[in-house]
Amino acid sequence: MTAISELGEFGLIRHLTENIKSKNDSTTFGIGDDCAVLDYCDRRTLVTSDMLMEGIHFDLVYTPLKHLGYKAAVVNFSDIYAMNGTPRQLIVNIAVSRRFSVENLDDIYSGLLLACERYGVDLVGGDTSASVTGLALSLTCIGDAKAEDVVYRHGAKETDLICVSGNLGAAYLGLQLLEREKKVFEGKNIDETSAQPDFSGHEYLLERFLKPEARKDIVERLRDAGIRPTSMIDISDGLSSELLHICKASQTGCRIYEERLPLDYQTALCAEEFNMNVSTCALNGGEDYELLFTVPLTDHDKIAQIDDVREIGYITKAELGTALIGRGDAEEIPLRAQGWDAAESGK
Ligand SMILES: Nc1ncnc2c1ncn2[C@@H]1O[C@H](COP(=O)(O)OP(=O)(O)OP(=O)(O)O)[C@@H](O)[C@H]1O
Ligand SMILES: Cc1ncc(C[n+]2csc(CCOP(=O)(O)O)c2C)c(N)n1
Ligand SMILES: [Mg+2]
(Lines give C-alpha, C1' and ligand atoms only; values in the text may rest on other atoms or scores of the structure.)
(Ligands and ions follow the chains in the order given, each with its own letter.)
Protein backbone atom coordinates (compact mmCIF):
# COMPACT_ATOMS: atom_id res chain seq x y z
CA MET A 1 0.00 0.00 0.00
CA THR A 2 1.42 3.36 -1.02
CA ALA A 3 0.27 6.44 0.92
CA ILE A 4 -0.89 9.25 -1.37
CA SER A 5 1.42 11.61 0.57
CA GLU A 6 4.44 9.67 -0.73
CA LEU A 7 3.70 10.89 -4.26
CA GLY A 8 2.20 14.31 -3.47
CA GLU A 9 -0.53 15.90 -5.60
CA PHE A 10 1.49 16.37 -8.78
CA GLY A 11 3.22 13.01 -8.46
CA LEU A 12 -0.18 11.37 -8.02
CA ILE A 13 -1.66 13.10 -11.07
CA ARG A 14 1.36 12.10 -13.16
CA HIS A 15 1.11 8.53 -11.87
CA LEU A 16 -2.61 8.27 -12.70
CA THR A 17 -2.46 9.94 -16.11
CA GLU A 18 0.97 9.39 -17.71
CA ASN A 19 -0.18 6.62 -20.07
CA ILE A 20 -3.44 8.22 -21.19
CA LYS A 21 -3.66 8.83 -24.95
CA SER A 22 -6.44 10.54 -26.91
CA LYS A 23 -8.47 8.81 -29.64
CA ASN A 24 -10.93 11.45 -30.89
CA ASP A 25 -10.24 14.10 -33.55
CA SER A 26 -12.15 16.61 -31.42
CA THR A 27 -9.52 16.30 -28.65
CA THR A 28 -6.96 18.91 -29.75
CA PHE A 29 -5.09 18.76 -26.42
CA GLY A 30 -5.84 16.53 -23.41
CA ILE A 31 -4.12 16.29 -20.02
CA GLY A 32 -1.21 18.58 -19.19
CA ASP A 33 -2.13 22.26 -19.32
CA ASP A 34 -4.56 24.65 -17.60
CA CYS A 35 -7.37 23.46 -19.88
CA ALA A 36 -8.06 20.69 -22.35
CA VAL A 37 -8.58 22.08 -25.86
CA LEU A 38 -11.45 20.68 -27.94
CA ASP A 39 -12.57 21.31 -31.49
CA TYR A 40 -16.11 20.39 -32.49
CA CYS A 41 -16.07 22.17 -35.88
CA ASP A 42 -19.66 22.40 -37.08
CA ARG A 43 -21.20 19.92 -34.63
CA ARG A 44 -23.25 20.63 -31.50
CA THR A 45 -21.36 20.14 -28.22
CA LEU A 46 -23.20 18.22 -25.46
CA VAL A 47 -22.08 18.65 -21.85
CA THR A 48 -23.27 16.73 -18.78
CA SER A 49 -22.09 16.32 -15.21
CA ASP A 50 -22.77 13.77 -12.46
CA MET A 51 -21.59 13.64 -8.88
CA LEU A 52 -21.15 10.43 -6.88
CA MET A 53 -20.75 10.74 -3.10
CA GLU A 54 -19.65 7.94 -0.80
CA GLY A 55 -22.52 6.95 1.52
CA ILE A 56 -25.13 8.60 -0.74
CA HIS A 57 -24.52 7.16 -4.20
CA PHE A 58 -22.32 4.20 -3.35
CA ASP A 59 -21.26 2.07 -0.41
CA LEU A 60 -17.68 0.81 -0.50
CA VAL A 61 -18.57 -2.17 1.70
CA TYR A 62 -19.91 -3.92 -1.42
CA THR A 63 -18.68 -1.79 -4.33
CA PRO A 64 -15.27 -2.73 -5.79
CA LEU A 65 -13.35 0.47 -6.71
CA LYS A 66 -12.80 -0.67 -10.30
CA HIS A 67 -16.55 -1.13 -10.73
CA LEU A 68 -17.15 2.27 -9.15
CA GLY A 69 -14.84 3.92 -11.69
CA TYR A 70 -16.52 2.07 -14.56
CA LYS A 71 -20.02 2.95 -13.39
CA ALA A 72 -19.14 6.62 -12.74
CA ALA A 73 -17.99 6.96 -16.35
CA VAL A 74 -20.86 4.97 -17.88
CA VAL A 75 -23.63 6.96 -16.14
CA ASN A 76 -22.21 10.10 -17.74
CA PHE A 77 -21.97 8.48 -21.18
CA SER A 78 -25.59 7.41 -20.75
CA ASP A 79 -26.68 11.08 -20.49
CA ILE A 80 -24.91 11.88 -23.79
CA TYR A 81 -26.57 8.91 -25.57
CA ALA A 82 -29.90 10.12 -24.15
CA MET A 83 -29.45 13.28 -26.28
CA ASN A 84 -28.75 11.03 -29.31
CA GLY A 85 -25.10 12.09 -29.19
CA THR A 86 -21.67 10.44 -28.97
CA PRO A 87 -19.55 10.87 -25.81
CA ARG A 88 -16.00 12.04 -26.66
CA GLN A 89 -14.23 13.49 -23.60
CA LEU A 90 -14.37 12.91 -19.85
CA ILE A 91 -13.20 15.18 -17.00
CA VAL A 92 -12.71 13.48 -13.62
CA ASN A 93 -12.78 15.45 -10.35
CA ILE A 94 -11.94 13.38 -7.34
CA ALA A 95 -11.62 14.05 -3.60
CA VAL A 96 -10.10 11.38 -1.32
CA SER A 97 -9.55 11.06 2.41
CA ARG A 98 -6.35 9.65 3.94
CA ARG A 99 -7.76 6.13 4.22
CA PHE A 100 -7.33 5.73 0.45
CA SER A 101 -4.00 4.59 -1.00
CA VAL A 102 -2.42 5.14 -4.41
CA GLU A 103 -3.41 1.55 -5.28
CA ASN A 104 -7.06 2.37 -4.44
CA LEU A 105 -6.93 5.27 -6.90
CA ASP A 106 -5.28 2.98 -9.47
CA ASP A 107 -8.31 0.69 -9.16
CA ILE A 108 -10.76 3.56 -9.71
CA TYR A 109 -8.73 4.71 -12.73
CA SER A 110 -8.57 1.21 -14.19
CA GLY A 111 -12.40 1.18 -14.18
CA LEU A 112 -12.65 4.71 -15.59
CA LEU A 113 -10.16 3.96 -18.35
CA LEU A 114 -11.76 0.62 -19.23
CA ALA A 115 -15.08 2.41 -19.73
CA CYS A 116 -13.35 5.14 -21.78
CA GLU A 117 -11.71 2.47 -23.92
CA ARG A 118 -14.95 0.56 -24.53
CA TYR A 119 -16.97 3.68 -25.38
CA GLY A 120 -14.22 5.47 -27.35
CA VAL A 121 -13.94 8.40 -24.92
CA ASP A 122 -10.79 10.42 -24.06
CA LEU A 123 -10.02 11.22 -20.42
CA VAL A 124 -8.79 14.81 -20.92
CA GLY A 125 -8.46 16.27 -17.43
CA GLY A 126 -9.82 16.75 -13.94
CA ASP A 127 -8.92 17.87 -10.48
CA THR A 128 -7.59 16.03 -7.44
CA SER A 129 -8.19 17.10 -3.86
CA ALA A 130 -8.05 15.81 -0.31
CA SER A 131 -11.30 15.22 1.57
CA VAL A 132 -11.93 15.01 5.32
CA THR A 133 -14.60 12.34 5.28
CA GLY A 134 -14.70 10.07 2.28
CA LEU A 135 -14.58 9.64 -1.45
CA ALA A 136 -16.32 11.97 -3.87
CA LEU A 137 -16.29 11.75 -7.64
CA SER A 138 -17.62 14.40 -9.97
CA LEU A 139 -17.43 13.64 -13.67
CA THR A 140 -18.17 15.82 -16.65
CA CYS A 141 -18.66 14.29 -20.05
CA ILE A 142 -18.55 16.16 -23.34
CA GLY A 143 -19.96 14.76 -26.53
CA ASP A 144 -21.22 15.77 -29.94
CA ALA A 145 -24.07 15.36 -32.38
CA LYS A 146 -25.15 16.88 -35.67
CA ALA A 147 -27.43 19.84 -34.89
CA GLU A 148 -30.42 18.13 -36.50
CA ASP A 149 -29.83 14.88 -34.57
CA VAL A 150 -30.05 16.26 -31.01
CA VAL A 151 -33.08 14.79 -29.20
CA TYR A 152 -34.53 16.66 -26.22
CA ARG A 153 -36.95 15.72 -23.47
CA HIS A 154 -39.43 18.25 -24.79
CA GLY A 155 -40.27 16.83 -28.24
CA ALA A 156 -42.98 14.24 -27.46
CA LYS A 157 -46.30 14.71 -29.33
CA GLU A 158 -49.81 13.35 -28.79
CA THR A 159 -50.19 9.79 -30.28
CA ASP A 160 -46.39 9.16 -30.20
CA LEU A 161 -45.41 5.67 -29.03
CA ILE A 162 -43.51 5.35 -25.75
CA CYS A 163 -40.60 2.91 -26.01
CA VAL A 164 -38.04 1.56 -23.56
CA SER A 165 -34.83 -0.42 -24.13
CA GLY A 166 -33.74 -3.54 -22.22
CA ASN A 167 -35.49 -4.43 -18.98
CA LEU A 168 -36.19 -2.58 -15.75
CA GLY A 169 -35.86 -3.10 -12.00
CA ALA A 170 -32.82 -5.43 -12.06
CA ALA A 171 -30.27 -2.92 -10.72
CA TYR A 172 -32.61 -1.98 -7.88
CA LEU A 173 -32.95 -5.61 -6.82
CA GLY A 174 -29.16 -6.00 -7.13
CA LEU A 175 -28.83 -3.17 -4.61
CA GLN A 176 -31.41 -4.80 -2.28
CA LEU A 177 -29.44 -8.08 -2.38
CA LEU A 178 -26.18 -6.33 -1.52
CA GLU A 179 -27.81 -4.32 1.28
CA ARG A 180 -29.35 -7.51 2.70
CA GLU A 181 -25.98 -9.30 2.73
CA LYS A 182 -24.33 -6.25 4.29
CA LYS A 183 -26.82 -6.39 7.18
CA VAL A 184 -26.25 -10.14 7.66
CA PHE A 185 -22.48 -9.57 7.63
CA GLU A 186 -22.71 -6.70 10.15
CA GLY A 187 -24.72 -8.86 12.54
CA LYS A 188 -22.04 -11.58 12.68
CA ASN A 189 -18.99 -11.82 14.90
CA ILE A 190 -15.48 -11.92 13.40
CA ASP A 191 -15.06 -15.76 13.16
CA GLU A 192 -18.28 -16.14 11.19
CA THR A 193 -17.46 -13.47 8.61
CA SER A 194 -15.13 -15.67 6.53
CA ALA A 195 -18.23 -17.26 4.93
CA GLN A 196 -18.89 -15.62 1.55
CA PRO A 197 -22.43 -14.54 0.71
CA ASP A 198 -24.18 -16.77 -1.80
CA PHE A 199 -25.50 -14.77 -4.74
CA SER A 200 -26.02 -17.74 -7.07
CA GLY A 201 -28.98 -17.25 -9.36
CA HIS A 202 -28.74 -13.48 -8.83
CA GLU A 203 -25.59 -12.76 -10.88
CA TYR A 204 -27.44 -10.78 -13.54
CA LEU A 205 -28.99 -8.46 -10.92
CA LEU A 206 -25.62 -7.75 -9.30
CA GLU A 207 -24.06 -7.06 -12.67
CA ARG A 208 -26.84 -4.64 -13.59
CA PHE A 209 -26.21 -2.74 -10.36
CA LEU A 210 -22.41 -2.88 -10.10
CA LYS A 211 -21.48 -2.67 -13.77
CA PRO A 212 -24.20 -0.98 -15.80
CA GLU A 213 -23.76 -0.25 -19.50
CA ALA A 214 -24.92 2.80 -21.47
CA ARG A 215 -27.16 1.95 -24.46
CA LYS A 216 -24.83 3.08 -27.26
CA ASP A 217 -26.12 0.07 -29.22
CA ILE A 218 -29.74 1.26 -29.09
CA VAL A 219 -28.90 4.77 -30.30
CA GLU A 220 -26.95 3.23 -33.20
CA ARG A 221 -29.72 0.76 -34.08
CA LEU A 222 -32.33 3.53 -34.13
CA ARG A 223 -30.10 5.63 -36.38
CA ASP A 224 -29.47 2.70 -38.74
CA ALA A 225 -33.21 2.00 -38.96
CA GLY A 226 -33.93 5.64 -39.84
CA ILE A 227 -35.86 6.23 -36.61
CA ARG A 228 -35.41 9.63 -34.98
CA PRO A 229 -36.97 9.71 -31.50
CA THR A 230 -39.16 12.76 -30.84
CA SER A 231 -37.98 12.83 -27.20
CA MET A 232 -35.54 10.80 -25.12
CA ILE A 233 -34.14 10.46 -21.57
CA ASP A 234 -32.04 7.86 -19.78
CA ILE A 235 -33.54 6.02 -16.82
CA SER A 236 -31.45 6.83 -13.75
CA ASP A 237 -34.15 7.56 -11.15
CA GLY A 238 -36.85 5.13 -12.35
CA LEU A 239 -39.24 4.85 -15.31
CA SER A 240 -42.11 6.80 -13.67
CA SER A 241 -39.94 9.73 -12.72
CA GLU A 242 -38.30 9.92 -16.18
CA LEU A 243 -41.59 9.59 -18.07
CA LEU A 244 -43.00 12.43 -15.97
CA HIS A 245 -39.96 14.53 -16.99
CA ILE A 246 -40.74 13.87 -20.68
CA CYS A 247 -44.45 14.65 -20.27
CA LYS A 248 -43.82 17.82 -18.28
CA ALA A 249 -41.17 19.08 -20.72
CA SER A 250 -43.38 18.17 -23.72
CA GLN A 251 -46.65 19.41 -22.13
CA THR A 252 -48.38 16.10 -22.74
CA GLY A 253 -49.94 13.25 -20.80
CA CYS A 254 -49.32 9.51 -21.25
CA ARG A 255 -50.64 5.99 -20.75
CA ILE A 256 -48.36 3.02 -20.19
CA TYR A 257 -49.45 -0.60 -19.74
CA GLU A 258 -48.30 -2.55 -16.70
CA GLU A 259 -48.30 -5.78 -18.71
CA ARG A 260 -45.90 -4.22 -21.23
CA LEU A 261 -43.20 -3.37 -18.66
CA PRO A 262 -40.01 -5.24 -19.70
CA LEU A 263 -38.87 -7.56 -16.89
CA ASP A 264 -36.09 -10.09 -16.67
CA TYR A 265 -36.90 -13.51 -15.19
CA GLN A 266 -34.33 -13.07 -12.37
CA THR A 267 -35.90 -9.71 -11.53
CA ALA A 268 -39.36 -11.25 -11.21
CA LEU A 269 -38.07 -14.14 -9.03
CA CYS A 270 -36.05 -11.86 -6.78
CA ALA A 271 -38.91 -9.37 -6.31
CA GLU A 272 -41.03 -12.29 -5.11
CA GLU A 273 -38.27 -13.35 -2.72
CA PHE A 274 -38.27 -9.83 -1.23
CA ASN A 275 -42.07 -9.73 -1.17
CA MET A 276 -42.01 -6.72 -3.46
CA ASN A 277 -44.31 -5.90 -6.34
CA VAL A 278 -42.16 -6.36 -9.45
CA SER A 279 -43.99 -3.58 -11.34
CA THR A 280 -43.12 -1.18 -8.53
CA CYS A 281 -39.45 -2.20 -8.88
CA ALA A 282 -39.60 -1.59 -12.65
CA LEU A 283 -41.41 1.77 -12.28
CA ASN A 284 -39.44 3.25 -9.39
CA GLY A 285 -36.25 1.22 -8.97
CA GLY A 286 -33.71 3.41 -10.71
CA GLU A 287 -30.15 2.94 -11.97
CA ASP A 288 -31.34 0.93 -14.99
CA TYR A 289 -29.54 3.28 -17.43
CA GLU A 290 -31.91 2.14 -20.16
CA LEU A 291 -33.29 4.63 -22.70
CA LEU A 292 -36.88 5.85 -22.59
CA PHE A 293 -37.98 7.54 -25.81
CA THR A 294 -40.94 8.42 -27.97
CA VAL A 295 -41.38 7.91 -31.72
CA PRO A 296 -44.16 8.89 -34.15
CA LEU A 297 -46.98 6.31 -34.39
CA THR A 298 -45.97 5.73 -38.04
CA ASP A 299 -42.67 4.17 -36.82
CA HIS A 300 -44.51 1.26 -35.13
CA ASP A 301 -43.42 -1.32 -37.74
CA LYS A 302 -39.82 -0.15 -37.70
CA ILE A 303 -39.70 -0.31 -33.88
CA ALA A 304 -41.05 -3.86 -33.96
CA GLN A 305 -37.90 -4.82 -35.93
CA ILE A 306 -35.47 -3.41 -33.32
CA ASP A 307 -34.09 -5.96 -30.86
CA ASP A 308 -34.37 -5.19 -27.17
CA VAL A 309 -36.80 -2.27 -27.54
CA ARG A 310 -40.42 -2.48 -26.42
CA GLU A 311 -43.43 -0.21 -26.89
CA ILE A 312 -45.00 0.31 -23.48
CA GLY A 313 -47.64 2.92 -24.18
CA TYR A 314 -48.49 6.20 -25.89
CA ILE A 315 -48.46 9.95 -25.42
CA THR A 316 -51.78 11.77 -24.85
CA LYS A 317 -53.01 15.34 -24.49
CA ALA A 318 -51.86 16.94 -21.22
CA GLU A 319 -55.48 17.11 -19.94
CA LEU A 320 -55.67 13.31 -19.81
CA GLY A 321 -52.89 13.17 -17.20
CA THR A 322 -50.16 10.58 -16.74
CA ALA A 323 -51.20 7.05 -15.79
CA LEU A 324 -50.36 3.37 -15.71
CA ILE A 325 -53.04 0.97 -16.97
CA GLY A 326 -53.10 -2.07 -14.65
CA ARG A 327 -52.97 -5.69 -15.90
CA GLY A 328 -55.98 -6.78 -17.97
CA ASP A 329 -56.96 -3.12 -18.54
CA ALA A 330 -58.03 -3.22 -14.90
CA GLU A 331 -57.64 0.34 -13.69
CA GLU A 332 -55.74 3.55 -14.28
CA ILE A 333 -53.18 4.35 -11.62
CA PRO A 334 -51.70 7.87 -11.67
CA LEU A 335 -47.92 7.81 -12.21
CA ARG A 336 -45.95 9.20 -9.31
CA ALA A 337 -42.29 10.22 -9.17
CA GLN A 338 -41.42 7.83 -6.38
CA GLY A 339 -37.92 7.22 -7.72
CA TRP A 340 -34.72 7.50 -5.76
CA ASP A 341 -33.84 11.01 -4.66
CA ALA A 342 -30.29 11.88 -3.51
CA ALA A 343 -31.64 14.84 -1.51
CA GLU A 344 -34.05 12.55 0.41
CA SER A 345 -31.39 9.90 0.90
CA GLY A 346 -29.04 12.33 2.68
CA LYS A 347 -31.56 13.23 5.41
N1 LIG B 1 -26.44 22.37 -9.09
C2 LIG B 1 -26.89 22.60 -10.32
N3 LIG B 1 -26.69 23.79 -10.90
C4 LIG B 1 -27.14 24.03 -12.15
N5 LIG B 1 -27.83 23.15 -12.88
C6 LIG B 1 -28.08 21.96 -12.36
C7 LIG B 1 -27.63 21.61 -11.05
N8 LIG B 1 -28.02 20.33 -10.79
C9 LIG B 1 -28.69 19.90 -11.88
N10 LIG B 1 -28.73 20.87 -12.84
C11 LIG B 1 -29.35 20.80 -14.16
O12 LIG B 1 -30.71 20.36 -14.04
C13 LIG B 1 -31.10 19.53 -15.15
C14 LIG B 1 -31.62 18.18 -14.67
O15 LIG B 1 -30.58 17.52 -13.97
P16 LIG B 1 -30.69 16.04 -13.45
O17 LIG B 1 -29.44 15.79 -12.65
O18 LIG B 1 -32.00 15.81 -12.83
O19 LIG B 1 -30.68 15.24 -14.83
P20 LIG B 1 -29.79 14.02 -15.22
O21 LIG B 1 -28.35 14.46 -15.24
O22 LIG B 1 -30.33 13.40 -16.44
O23 LIG B 1 -30.06 13.05 -14.01
P24 LIG B 1 -29.02 12.04 -13.36
O25 LIG B 1 -28.22 12.90 -12.39
O26 LIG B 1 -29.88 11.06 -12.66
O27 LIG B 1 -28.20 11.52 -14.49
C28 LIG B 1 -29.87 19.43 -16.02
O29 LIG B 1 -29.97 20.43 -17.00
C30 LIG B 1 -28.73 19.77 -15.07
O31 LIG B 1 -27.59 20.29 -15.73
C1 LIG C 1 -25.57 3.33 -1.03
C2 LIG C 1 -26.55 3.55 -2.13
N3 LIG C 1 -27.75 4.11 -1.86
C4 LIG C 1 -28.62 4.36 -2.85
C5 LIG C 1 -28.34 4.02 -4.14
C6 LIG C 1 -29.36 4.28 -5.23
N7 LIG C 1 -28.99 5.30 -6.21
C8 LIG C 1 -27.82 5.95 -6.22
S9 LIG C 1 -27.67 7.00 -7.55
C10 LIG C 1 -29.21 6.61 -8.11
C11 LIG C 1 -29.81 7.20 -9.36
C12 LIG C 1 -29.40 8.50 -9.88
O13 LIG C 1 -28.81 9.39 -8.97
P14 LIG C 1 -28.61 10.94 -9.34
O15 LIG C 1 -29.98 11.45 -9.75
O16 LIG C 1 -28.09 11.60 -8.08
O17 LIG C 1 -27.61 10.97 -10.45
C18 LIG C 1 -29.79 5.65 -7.28
C19 LIG C 1 -31.12 5.02 -7.49
C20 LIG C 1 -27.07 3.43 -4.39
N21 LIG C 1 -26.67 3.10 -5.62
N22 LIG C 1 -26.20 3.19 -3.37
MG1 LIG D 1 -30.20 11.75 -17.61
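The structure under discussion appears in the preceding block.
Residues numbered from 1 in each chain as written. Chains lettered and ligands numbered in written order. Predicted model: local features only at pLDDT ≥ 70, side-chain atom pairs only at ≥ 80, totals over all residues. Heavy atoms only, no water.

Participant: How would you sum up the coordination of the magnesium ion (ligand 3)? Please name residues and give values.
Facilitator: With distances of 2.0 to 2.1 Å, the protein atoms coordinating the magnesium ion (ligand 3) are D79 (OD) and D234 (OD). Of this pair, D79 sits in helix α2 (residues 65-81) while D234 sits in strand β8 (residues 231-234), placing them 155 residues apart in sequence. By relative accessible area, which is 3% here, D234 ends up buried. (Donors = N, O, S within 2.8 Å, 3.2 Å for Na, K, Ca; no water. Helix = DSSP H or I, 4+ residues; strand = E, 2+ residues; numbered from the N terminus. Buried < 20%, exposed > 50% of the residue type's maximum accessible area, 1.4 Å probe, protein only.)

Participant: Give me the lowdown on the site of ligand 1, citing residues and values where you can.
Facilitator: Every residue lining ligand 1 is accounted for by D50, D79, R153, S236 and D237. The side chain of R153 places a nitrogen or oxygen atom 3.0 Å from an oxygen atom of ligand 1. Measuring from an oxygen atom of ligand 1, one finds a side-chain N or O atom of S236 at 2.5 Å. Protein coverage of the free-state accessible area of ligand 1, which is 620 Å², stands at 30%. (Near = heavy atom within 4 Å. Polar contact = N/O pair within 3.5 Å; in protein donor to acceptor, adjacent residues only side chain to side chain. Areas by Shrake-Rupley, 256 points an atom, 1.4 Å probe, with all protein chains shown as cover.)

Participant: Just give me the short version of the site of ligand 2, but keep the residues and values in it.
Facilitator: What surrounds ligand 2 is a group of 13 residues, the closest being H57, S236, D237, E287 and W340. A distance of 3.2 Å separates an oxygen atom of ligand 2 from a polar side-chain atom of D237. E287 places a side-chain nitrogen or oxygen 2.8 Å from a nitrogen atom of ligand 2. Within the complex, the protein chains bury 84% of what would otherwise be the 530 Å² of accessible surface of ligand 2. Here the residues of the shell around ligand 2 sort into seven nonpolar, two polar and four charged. A domain-level breakdown of the shell around ligand 2 finds at least three residues from each of domain 1 (4-149) and domain 2 (153-340). (Nonpolar A, V, L, I, M, F, W, Y, C, P; charged D, E, K, R; others polar. Domains from an automatic or database assignment.)

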